[in-house]
Structures are given as C-alpha cells and as structure tokens.
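These are the residues of each chain, in order.
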Amino acid sequence: MRVLAFFLLVVATSWTGCATHRDTMESREHISYYDRNGDGKVDLEKHQYRGVADADWELRDDDYDGRYEKKILFGVGIIESAVDLPVPSHVRVEPKP
C-alpha cells in the first residue's frame, strides 16, 4: 500500500511540472493603435490587460512627428515618463478612441 501511495505521489508531482500556463500576462494583453489627428500615422498605442487591475499603459505621440514622447502607466496613480521611440508602421489603426 505504501508503494502505491508513493508512486501516486511521484506521478502527481511530476505532472504538475509539465503543465502549461496559458493564463499569462502576455495572453491577456490587447494592443490597440489609434490615429488621433487623421493623418494616417499611429499617434497612440494602448496596452490593456483583461482582468488585471493597474497594468494598462500607453505610448503617446503628442506633437505628431512619428515618434512617441510620453509613456503613461495607469496604476494606483497615473505615472508619466519621457520616451523617444518610433511609432510602428504597417499595423491596424483603430478609429479614434
């Protein structure tokens, strides 16, 4: 009986290490691209995580020059930081937010 219990314990613990975790932050992420001024280029990139509080953030091109200037994190408070990144091209642009 002890051998059977030991065998079941070994099998149960070994299978949990092989399980795949499909519910990750990457699987919850939804990225949307917006053109706020109608020039055909991306001006706003929103990263939203379904079912996760305080994880959404966005990149903004406020002077519409084709480069992001601001990253905004929507957490417990709104945290803004300066960035200098090119806006993506060849992405699906959503209607104005």
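Scroll up to find the structure this text is about.
Predicted, not measured: the structure shown is a model, and the values here were computed from it.

How each quantity is defined
Residues numbered from 1 in each chain as written. Predicted model: local features only at pLDDT ≥ 70, side-chain atom pairs only at ≥ 80, totals over all residues. Heavy atoms only, no water. Helix = DSSP H or I, 4+ residues; strand = E, 2+ residues; numbered from the N terminus. Buried < 20%, exposed > 50% of the residue type's maximum accessible area, 1.4 Å probe, protein only. Areas by Shrake-Rupley, 256 points an atom, 1.4 Å probe, with all protein chains shown as cover. Pairing = 2+ DSSP bridges. Core = buried A, V, L, I, M, F, W, Y, C linked by side-chain atoms within 4.5 Å. Contact = heavy atoms within 4.5 Å. Phe/Tyr/Trp six-rings, centres within 6.5 Å; stacked < 30°, edge-to-face > 60°. Lys NZ or Arg CZ within 6 Å of the ring centre and 35° of its normal. Salt bridge = Lys/Arg side-chain N within 4 Å of Asp/Glu carboxyl O. Polar contact = N/O pair within 3.5 Å; in protein donor to acceptor, adjacent residues only side chain to side chain.

## Concerning the overall build of the protein chain
The secondary structure content of the protein chain amounts to two helices and six strands. Helices and strands appear in the protein chain in the N-to-C order α-α-β-β-β-β-β-β. For the protein chain, the residues scored as buried account for 22% of the 97 residues in total. Here the protein chain has roughly 7200 Å² of accessible surface; of this, 59% comes from carbon and sulfur atoms.

## Quick notes on the sheet that holds strand S3 (residues 56-60)
In spatial order, the strands read S5-S4-S3-S2-S1-S6; together these six strands make up an open sheet with mixed pairing. Two strands in the sheet have a free side with no partner beyond their single neighbour: strand S5 (78-86) and strand S6 (93-94). Summarising the sheet, strand S1 (residues 29-34) and S6 pair through two bridges and their orientation is parallel. Residue pairing across strands places Tyr-33 opposite Val-93, the latter belonging to S6.

## Topic: the nonpolar core
One finds Tyr-33, Val-42, Tyr-49, Ala-55, Trp-57, Leu-59, Tyr-68 and Val-87 forming the largest nonpolar core, which totals eight residues. Other than its neighbours up to four places away in sequence, Tyr-33 contacts Val-42, Leu-44, Glu-45, Tyr-68, Pro-88, Val-91, Arg-92, Val-93 and Glu-94.

## Topic: the packing of aromatic side chains
By the definition in use, this model includes zero aromatic pairs. Its end group placed over the ring of Trp-57, Lys-71 keeps NZ or CZ at 4.5 Å from the ring centre.

## Examining the pattern of salt bridges
Oppositely charged side chains can form a pair if their charged atoms are brought close together. Tallied over the entire structure, the rule returns seven salt bridges. With a shortest N-O distance of 3.3 Å, Asp-62 and Lys-70 are connected by a salt bridge. Assessed through its relative accessible area of 25%, Lys-70 is described here as partly exposed. Among the charged side chains, a salt-bridge network with shared partners connects Arg-36, Glu-58, Arg-60, Asp-62, Lys-70 and Glu-80.

## Things to note about the side chain of Ser-32
For Ser-32, the position within the fold is in strand S1. Note on Ser-32: relative accessible area 4%, which makes it buried. Reaching out from Ser-32, the side chain makes a polar contact with the side chain of His-30 at a distance of 3.2 Å. Contacts of Ser-32, omitting those with residues within four sequence positions, involve Leu-44, Glu-45, Lys-46 and Glu-94.

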